[in-house]
Amino acid sequence: MATTTVLSNPYVEIDGTDFTDQATSATVTSTIEALEDTAFGSAARTYTAGLQANEITITLMLSYGASEVEAILDGLVGTKFDTVIGATGSSPAADNPVYTLTNGYLESYTPINGSVGALQTVDITIRGGALTRAVA
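Here is a short report on the structure shown in this document. (Residues numbered from 1 in each chain as written. Predicted model: local features only at pLDDT ≥ 70, side-chain atom pairs only at ≥ 80, totals over all residues. Heavy atoms only, no water.)

Some remarks on the overall build of the chain
Okay, step 1: Within the chain, the regular secondary structure consists of one helix and 10 strands.
Okay, step 2: For the chain, the N- to C-terminal ordering of α and β elements is β-β-β-β-β-β-α-β-β-β-β.
Okay, step 3: Relative to the compact-globule value of 14 Å for 136 residues, the chain shows a C-alpha radius of gyration of 18 Å, a clear excess of over 25%.
Okay, step 4: A principal-axis box enclosing the C-alpha atoms of the chain has dimensions of 60 × 35 × 30 Å.
Okay, step 5: Here the analysis covers contacts within the chain between residues at least 6 apart in sequence; of these, 64% occur between residues at least 24 apart.
Okay, step 6: When the accessible surface of the chain is summed, it comes to about 8400 Å², and 52% of that surface belongs to carbon and sulfur atoms.
Okay, step 7: Put simply, the chain has 4 plus and 15 minus side-chain charges, and the middle of one group is 13 Å from the middle of the other. (Helix = DSSP H or I, 4+ residues; strand = E, 2+ residues; numbered from the N terminus. Rg over C-alpha atoms; globule rule 2.2 N^0.38 Å. Contact = heavy atoms within 4.5 Å. Areas by Shrake-Rupley, 256 points an atom, 1.4 Å probe, with all protein chains shown as cover. Lys, Arg positive; Asp, Glu negative; His and termini not counted. Charge placed at Lys NZ, Arg CZ, Asp CG, Glu CD.)

Written out as structure tokens, the structure is:
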């Protein structure tokens, strides 16, 4: 039985900028679409692997300024870029898989998300692109 426990502290890099100190959540979803390949006379449906349809969702604390979260994300909407998420750091290792989404697409984001007495945060979803896993 597995006994390893990891304290959640992912590394977050978006288009070459380290956002680890402004990220509060990161989720990597690896999907390979199922294509039906059931033939006539089959007793059950069968499937084969299709295209990857991956995504990364990140929650960031909003900050404003020339090289801050809002300005960087504003420039990325509608473009393709790379995103790197490490389980506990940026260096791949057996106990720290690092996932890279190459040519992911940011469709939209919310540049202002405020309410009284709360920190402003933004949830972004980067879709598409090829997802690779590195452990060494």
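Quick notes on the nonpolar core
Okay, step 1: Within the largest apolar cluster, 21 residues are counted, with the highest numbers of intra-cluster contacts made by Ile14, Ile58, Leu60, Leu73, Val122 and Ile124.
Okay, step 2: At the level of secondary structure, the elements contributing two or more residues to this core comprise strand 1 (11–14), strand 6 (55–61), helix 1 (69–76), strand 7 (80–86), strand 8 (98–106) and strand 9 (121–127).
Okay, step 3: Considering each element in turn, this core owes the most residues, four residues, to helix 1.
Okay, step 4: When residues no more than four places from it in sequence are discounted, the contact partners of Ile58 are Val12, Ile14, Ala23, Ser25, Ala26, Thr83, Ile85, Val122, Asp123, Ile124 and Ile126. (Core = buried A, V, L, I, M, F, W, Y, C linked by side-chain atoms within 4.5 Å. Buried < 20%, exposed > 50% of the residue type's maximum accessible area, 1.4 Å probe, protein only.)

A few points about unusual backbone geometry
Okay, step 1: The phi torsion at Asp15 lies on the positive side, around 50°, for a residue other than glycine.
Okay, step 2: By the secondary structure assignment, Asp15 is in the loop between strand 1 and strand 2 (17–18).
Okay, step 3: Owing to a relative accessible area of 42%, Asp15 belongs among the partly exposed residues under this scheme.
Okay, step 4: Despite not being glycine, Asn103 has its phi angle at roughly 60°, a positive value.

Some details on the side chain of Asn54
Okay, step 1: Mapped onto the elements, Asn54 comes out in the loop between strand 5 (47–52) and strand 6.
Okay, step 2: In this structure the side chain of Asn54 is engaged in a polar contact, spanning 3.0 Å, whose partner is the backbone nitrogen of Thr31.
Okay, step 3: In terms of polar contacts, Asn54 uses its side chain to reach the backbone carbonyl oxygen of Gly129, at 3.3 Å.
Okay, step 4: Ignoring anything within four residues of it in the chain, the contact list for Asn54 reads Thr29, Ser30, Thr31, Leu101, Ile126, Arg127, Gly128, Gly129, Ala130 and Leu131. (Polar contact = N/O pair within 3.5 Å; in protein donor to acceptor, adjacent residues only side chain to side chain.)

Section: the side chain of Thr83
Okay, step 1: Tracing the sequence through the fold places Thr83 in strand 7.
Okay, step 2: When near neighbours in sequence (up to four residues on either side) are disregarded, Thr83 contacts Glu13, Ile14, Ile56, Ile58, Tyr99, Thr100, Leu101 and Ile126.

Some points on helix 1
Note on helix geometry: an α-helix contains 3.6 residues per turn, so any two residues three or four positions apart are oriented the same way.
Okay, step 1: Three or more residues of helix 1 are buried, namely Val69, Ile72, Leu73 and Leu76. Taken down its axis, helix 1 places every buried residue within 95° of arc, on the same side.
Okay, step 2: Looking at the buried residues of helix 1, the elements they touch are strand 1, strand 2, strand 6, strand 7, strand 8 and strand 9.
Okay, step 3: Just downstream of helix 1, Gly78 is the residue with a positive phi angle, here 80°. (Arc of directions from axis to C-beta.)

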